[in-house]
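Letter by letter, the chains look like this.
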Amino acid sequence: MRAQTLADLSAPLLALRLLGAEFGHLPAPTVEVSPIYPGRLELTFHGDFAAFEAWREALSIAPEGVVHRVQVGGQTGVLRVYATFAGAELELIGYAKVPAAEPVLAGSGAPS
């Protein structure tokens, strides 16, 4: 269902207001409220996973619910989790660079 009016977005907007009041000390996310998903509030974190984890812990979201993916040819890690907050579906998304693997020289393993 696509929202037709701003009032149709009241659940995620209320959730955002309450998050700001209760968790204003946490790192600022990119915030998205969309008429395409009128019940969802999306909080996105870029750069590293520390801000994502701070929010996940503050909201008491179980780490078992977090889905980890890798994209951009293995260069970017993505964490995603869904929860409910103040009547809205809350989606946390974190993006971070995947550290480059250190090359291992042939024959440099442990002796057999």
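What counts, and where the lines are drawn
- Residue numbering note: each chain is counted from 1, following its sequence as written.
- Under the rules for a predicted model, residues below a pLDDT of 70 receive no local features and side-chain atom pairs below 80 are neither given nor counted, while totals for whole chains, interfaces and linings still include all residues.
- Values shown for side chains rest on all heavy atoms present in the structure; no hydrogens or waters enter the calculation.
- Accessibility here uses a 1.4 Å probe with only protein chains present; expressed as a share of the type maximum, an area under 20% marks a residue as buried, one over 50% as exposed, and anything in between as partly exposed.
- Only runs of H or I of at least four residues qualify as helices and only runs of E of at least two qualify as strands under DSSP, and these elements are numbered from the N terminus.
- Arc definition: it is the arc formed by the directions from the helix axis to the C-beta atoms.
- Working rule for contacts: check all heavy atoms of both residues, and any pair within 4.5 Å makes them a contact.
- To estimate how far a helix should reach, multiply one less than its number of residues by 1.5 Å.
- Residue types Ala, Val, Leu, Ile, Met, Phe, Trp, Tyr and Cys, when buried and joined through side-chain atoms within 4.5 Å, form a set referred to as a nonpolar core.
- Strands qualify as paired when DSSP identifies two bridges or more between them.
- Comment: axis = line fitted to C-alpha atoms, over the contacting stretch for helices; angle = value between 0 and 180 degrees taken between N-to-C directions.

With that settled, the discussion passes to helix α2 (residues 50–58). Taken together, the buried positions of α2 are A51, F52, W55 and R56. Buried residues of α2, seen end-on, are gathered within an arc of 135° and therefore sit on one face of the element. Turned more than 90 degrees away from the buried face of α2, the exposed residues are A50 and E57. Next to the buried residues of α2 lie α1 (10–22), β2 (40–47), β4 (76–85) and β5 (88–97).

With respect to the helices and strands, V70 occurs in strand β3 (residues 67–71). Assessed through its relative accessible area of 46%, V70 is described here as partly exposed. Each C-alpha atom of the pair V70 and D48 lies 14 Å from the other, and the pair is 22 residues apart in sequence.

Time to look at α1. Taking 1.5 Å as the rise per residue, α1 with 13 residues should run 18 Å; its terminal C-alpha atoms sit 18 Å apart, in good agreement. Of the residues making up α1, those classed as buried are P12, A15 and L19. Mapping the buried residues of α1 onto a view down its axis gives an arc of 55°, with all of them on the same face. Along α1, the residues that are exposed and aim more than 90 degrees away from the buried face are R17 and A21.

Core analysis: the largest hydrophobic core is formed by 19 residues, its most contacted members being L19, L43, W55, L59, L90 and L92. Ranked by residues supplied to this core, first place goes to β4 with four residues. Discounting chain neighbours no more than four positions away, the residues touching L19 are G24, L41, L43, W55, L59, F85 and L90.

Looking now at the sheet that holds β5. Strand order across the open sheet formed by five strands is β1-β2-β5-β4-β3, with mixed pairing between neighbours. This sheet does not close on itself; its edge strands, each paired only once, are β1 (30–33) and β3. Pairwise comparison of adjacent strand axes, ignoring direction, gives a mean angle of 20° for this sheet. Alignment of β1 against β2, held across four bridges, turns out to be antiparallel. Looking at β2, one finds that V33 is bridged to L41. Contacts between α1 and the sheet are confined to β1, β2, β4 and β5, with β2 contributing the most and set at about 50° to the helix. Along the sheet, α2 makes contact with β2, β4 and β5, crossing β5 at roughly 150°.

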